[in-house]
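Coordinate inspection notes
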Amino acid sequence: MKRRFRIAGHEYRVILTKGIIDPDKRGAIGQCKNNTHELKIDTTQEPSEQSVVFLHEILHAISFRYFFNTLFGEAGTTENEEMIDRLSEALYQVLSSAGIDLTVT
Ligand SMILES: [Zn+2]
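An account of the accompanying structure is given in this report. (Residues numbered from 1 in each chain as written. Predicted model: local features only at pLDDT ≥ 70, side-chain atom pairs only at ≥ 80, totals over all residues.)

What follows covers the nonpolar core. Ranked by internal contacts, the top residues of the largest apolar core, which has 14 residues, are Leu39, Ile41, Val53, Phe54, Ile58 and Ala61. Looking at this core, the elements with two or more residues in it are β4 (38-42), α1 (47-66) and α2 (78-97). Tallying contributions element by element places α1 first for this core, with six residues. Excluding residues that lie within four positions of it along the chain, Ile41 makes contacts with Val14, Leu16, Gly30, Gln50, Val53, Phe54 and Val104. (Core = buried A, V, L, I, M, F, W, Y, C linked by C-beta atoms within 7 Å. Buried ≥ 20, exposed ≤ 12 C-beta atoms within 10 Å, placed from the backbone. Helix = DSSP H or I, 4+ residues; strand = E, 2+ residues; numbered from the N terminus. Contact = placed C-beta atoms within 7 Å.)

In structure tokens form, the structure reads like this:
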């Protein structure tokens, strides 16, 4: 997997970190920083969990770039996080079963 890609023309990069990324946010294991174009992923999680986190953070970036941060409700709300969690799990299941390698490396 490449660690750089574009969302709405903006180059984002994946940053792998060991351990919880933001303890203030319920022990977040991923983070999307749209101001610096960074997606952070905790590499202490199982590989399949890292893939789901990657998709989750991409969905946050897509929401920010294309939906004024309102995809599935207001960003940061419990409803928003739950919907993005569900969609990232669904995408992981479909894409991985289609043989698409989502391994974060
Ligand atoms: Zn989230």
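Right, let's get into α2. Between its first and last C-alpha atoms α2 spans 28 Å; for 20 residues at 1.5 Å apiece the expected length is 28 Å, and the two agree. Among all positions in α2, only Ile84, Ser88 and Tyr92 are buried. The buried residues of α2 occupy an angular sector of 75° when the element is viewed end-on, so they sit on one face. α2 presents Glu79, Glu82, Arg86, Ala90, Gln93, Val94 and Ser97 as exposed residues on the side facing more than 90 degrees away from its buried surface. Taken together, the buried residues of α2 touch α1. (Expected span 1.5 Å × (residues − 1). Arc of directions from axis to C-beta.)

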